[in-house]
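Structural overview for review
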Amino acid sequence: MGMTVAEKILARASGRPATRAGDVVEPAVDLAMSHENAALVMNQFRAIFEGTGLEAKPWDPTKIAVIFDHRVPAESPKTATNQKRIREFVVLQGIERFHDVRGDTGGICHQVLPEYGYVRPGQVVVGTDSHTTSHGALGAFAFGIGATEMASVWALGYALNIEVPATIQVVVEGDFPSHVGPKDLILHLIGRLTAQGANFRCIEFHGGTIRRMSTSGRLTLCNMTVEAGATAGIVPADDETLRYLREEAGVEEPTALVTPDADATYVETIHIDVGKLEPQIACPHTVDNVKPVGAVAGQRVDQIVIGSCTNGRLDDLAVAADILRGKKVAPRTRMLVFPASARIYAQALDKGYVADLVRAGAVVMNAGCGPCLGVHEGALGDGEVALSTTNRNFKGRMGNPTADVYLCSPAVAAASAVTGVITDPRIGPRTGGN
Amino acid sequence: MPRVVTVLGDDISTDVIYPGRYMATVLPSETPQFAFADHAELNAKLKGKQIPPGSVLVGGQNFGCGSSREQATSTLKGHELVIVASSFARIFLQNSINLGLRIVTAPGIEAAVGDELELEADAVVNRTSGKRYPIVPLPAARQAIIDAGGLIAFTKRRLVAERGGAAG
């Protein structure tokens, strides 16, 4: 009997010849990532060592990464003090994969990890962030855990009591129509699966559309698999993964690819043809409340948000700049743009995208999590409506429980910025048109 | 017998349980004040100690979906609530076990505020409506963490077995 990618990776990491869905394993961790919540992980880590007489040292500091992104630069003395404590800790413990608040090497953890070549195909990656599923885009088995569980990983070097998930196979064929892309595909899939349809499962992506998709698009897909409840999302690594690692992440050593066996067992197979896919919108207040853009076109928007670990990469900013170049953001709408990393920010400067967006009236913010989770900046007023390329629209998500958040692609967000209402980019302001 | 203090629907996210704007607060002793901060009435009752420890919060399917923030668990643990729901999201379930928040998976659970629930070993019995809801047991590997008194104690024991030192 063959194995899925998740079963193969977890077998290798737990020193077994094979694993099956439902097995409980303790996989060795290749990469353990935290952001500002490392402050809590540190406390729990010390609590584990308390009374043992052992020195509180992590199992392997070279496999730990800490990236500041949720509140950068710090919005309060409390956050600033947490960040200060973490800085002291990474120095003390010799953690070199540390990305501070910087305009050259900073950014969102889920962008920095791939960009710097920390994530490799076949790895087990854990992160104290639910969107750690992103890293499945490079063929890793990557999942979110809580802070206490991370403290346990720091101490032991492996994750405890991990159930090998059953895998849902998603086979995607066809070419995306103009102004439709990976974000529309993943919103469509979440709408079909529902918010809990993939709970305790892995989603493995296949098909010609996926093979032709860039790593950036794959990151968008895997990022949001957790919104269907998935433990992990995986695109089996291929030539595009190797290209990304070599050309964009500067990885020179040879990389082994982990692919599923032809006779692997899947709990379910879903076929999607994107040839006729329309732009998709997740409506308030759940991510699985997905409709084609036409169903909500004309809805007034107070704030447009483009960025995040879901859609803050160079190709996303290019889509927005192409639509907004030479145009203006609607008078009673504000537009916030936050690139996923400092490197992407610099590339967008070089390409002229930042100038296009700023001249159109957008506020381009520093790389980081920005307004996505309502902790830092870009909060909504009472009863306001946001249209955002981020990944969650839960009640209160952007800092105000009386506000509405709609989720969409960069093309829909940019077209709607010009009109001030939710707009189908195939009809409204678009590249070279109007 | 524990009473139901609130009944929530499906897909209750960690943003609802513990809004993101309070995430700079990490100490488990400081998180309880922000439980359901955007539900003013429930938050006020919890903060005002009007809800006795052991009271039950009833949820629908996929309780605790969304962010991995552990504050969503420590904030409920701080009030010693018991969560009975049809199903739980993975990370929230794991966090609850790790921190010792009592969660019970009882598919189809139906209850109203004020109902008395009896939590038996294999079922939740709603004494007010007379209905019985079988419990889905936790996997044995997870039960071991609960039996050890939470993940800190469990890992401490493992660490000492591997590296030597005192049993703490």
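In this text, all values refer to a predicted model and were calculated from it rather than measured experimentally. (Residues numbered from 1 in each chain as written. Chains lettered and ligands numbered in written order. Predicted model: local features only at pLDDT ≥ 70, side-chain atom pairs only at ≥ 80, totals over all residues.)

**What about helix H6 (residues 151-163) of chain B?**
Short version of the rule: Starting at the N terminus, helices and strands are each numbered in turn, a helix being any DSSP run of H or I of at least four residues and a strand any DSSP run of E of at least two. Expected span of a helix: the number of residues minus one, times 1.5 Å. Backbone-placed C-beta atoms define the burial measure: a residue is buried with 20 or more other C-beta atoms within 10 Å of its own, exposed with 12 or fewer, and partly exposed in between. Whether two residues are in contact is decided by their C-beta atoms, placed from the backbone, lying within 7 Å.
Taking 1.5 Å as the rise per residue, H6(B) with 13 residues should run 18 Å; its terminal C-alpha atoms sit 18 Å apart, in good agreement. Inspection of H6(B) places B:Leu151, B:Ile152, B:Phe154, B:Thr155, B:Lys156 and B:Leu159 among the buried residues, and these make up the whole buried set. The secondary structure elements touched by the buried residues of H6(B) are helix H2 (38-49) and helix H5 (147-156) of chain A together with helix H4 (90-99) and helix H5 (140-148) of chain B.

**Overview of the environment of B:Arg69**
As for its placement among the helices and strands, B:Arg69 is situated in the loop between strand S2 (56-59) and helix H3 (71-78). When sequence neighbours within four positions are dropped, the list of residues in contact with B:Arg69 reads B:Thr14, B:Tyr18 and B:Met23.

**Quick word on the nonpolar core**
Convention followed: In this usage, the nonpolar core is the set of buried Ala, Val, Leu, Ile, Met, Phe, Trp, Tyr and Cys residues whose C-beta atoms join them within 7 Å.
Counting 188 residues, the largest nonpolar core has A:Ala320, A:Leu357, A:Ala414, B:Ile83 and B:Val84 as its most contacted members. Considering every element that reaches this core, the biggest residue donor is H2(A), with eight residues. Not counting the four nearest positions on each side in its chain, B:Ile83 is found in contact with B:Leu57, B:Gly59, B:Phe63, B:Leu76, B:Leu101 and B:Ile103.

**Considerations on the interface of chain A and chain B**
Frequently, the measure chosen for interface size is the accessible area removed from exposure when the parts meet. Taken together, the contact between chain A and chain B spans 48 residues of the former and 41 residues of the latter. In terms of residue count, the dominant contributor to the side of chain A that touches chain B is H5(A) (six residues).

**Digging into the sheet that holds strand S4 (residues 97-99) of chain A**
All names here are of chain A. Selection criterion: Any two strands with at least two DSSP-identified bridges between them are counted as paired. Axis geometry follows a simple rule: fit a line to the C-alpha atoms, using only the stretch in contact for helices, then measure angles between N-to-C directions, giving values from 0 to 180 degrees.
Spatially, the five strands line up as an open sheet ordered S4-S3-S2-S5-S6, and their pairing is parallel. Strands with a single pairing partner mark the edges of an open sheet, and in this sheet they are S4 and strand S6 (141-144). Within this sheet the neighbouring strands show an average axis-to-axis angle of 15°, counted without direction. As paired strands, strand S3 (residues 64-67) and S4 are joined by three bridges and run parallel to one another.

**Section: the domain arrangement of chain A**
All names here are of chain A. Test applied: Reported domain spans reflect what an automatic or database domain assignment gives.
Segmentation of chain A into domains returns domain 1 (5-272) and domain 2 (280-419). Computed over C-alpha atoms, the centres of domain 1 and domain 2 are 24 Å apart. Counting residues at the interface gives 34 residues for domain 1, matched by 28 residues for domain 2. When contributions to the side of domain 1 that touches domain 2 are tallied by element, the ones reaching two or more residues are helix H4 (109-115), helix H6 (182-193) and helix H8 (215-224).

**Details of the sheet that holds strand S6 (residues 123-126) of chain B**
All names here are of chain B. Ordered in space as S5-S6-S7, the three strands form an open sheet in which the pairing is antiparallel. Unpaired on one side and paired on the other, strand S5 (117-119) and strand S7 (132-134) mark the two borders of the sheet. Here the strands of the sheet are splayed against their neighbours by 15° on average, with no regard to which way each runs. For S6 and S7, the ladder comprises three bridges, and the chain directions are antiparallel. Bridging from a neighbouring strand, Val124 pairs with Tyr133 of S7.

**What about the environment of A:Thr194?**
Residues and elements named next belong to chain A. Take Thr194: it is sitting in the loop between H6 and strand S9 (201-206). Considered as a pair, Thr194 and Arg332 are 138 residues apart in the sequence and their alpha carbons are 34 Å apart. When neighbours within four sequence positions are excluded, Thr194 is seen to be in contact with Ala228 and Asp288.

**So, the domain arrangement of chain B**
Residues and elements named next belong to chain B. To keep things clear, this is the line we draw: For this scheme, ten residues count as nonpolar: Ala, Val, Leu, Ile, Met, Phe, Trp, Tyr, Cys and Pro. Four count as charged, namely Asp, Glu, Lys and Arg, and the remainder, Gly too, count as polar.
Entries for chain B in the domain assignment read domain 1 (4-137) and domain 2 (138-168). Look at where the C-alpha atoms of domain 1 and domain 2 centre, and you get two points 25 Å apart. The interface is formed by five residues belonging to domain 1 together with six residues belonging to domain 2. When grouped by side-chain class, the residues that make up the side of domain 1 that touches domain 2 number three nonpolar, two polar and no charged.

**Some thoughts on the packing of helix H11 (residues 314-324) of chain A against helix H13 (residues 353-360) of chain A**
All names here are of chain A. In plain terms, the rule: The scheme is simple: roughly parallel for angles under 35 degrees, roughly antiparallel for over 145, roughly perpendicular for 65 to 115, oblique for anything else. Note on convention: near helix rotated counterclockwise from far helix by under a right angle means a left-handed crossing. Clockwise means right-handed.
The geometry of H11 relative to H13 is characterised by a closest axis approach of 9 Å and an angle of 50° between their N-to-C directions. By the angle between their axes, H11 is oblique relative to H13. By crossing handedness, the relation of H11 to H13 is classed as left-handed. Seen from H11, the contacting residues are Leu317, Ala318, Ala320, Ala321 and Leu324; seen from H13, they are Tyr353, Asp356, Leu357 and Ala360. A per-class count over the contact of H11 with H13 returns eight nonpolar, no polar and one charged.

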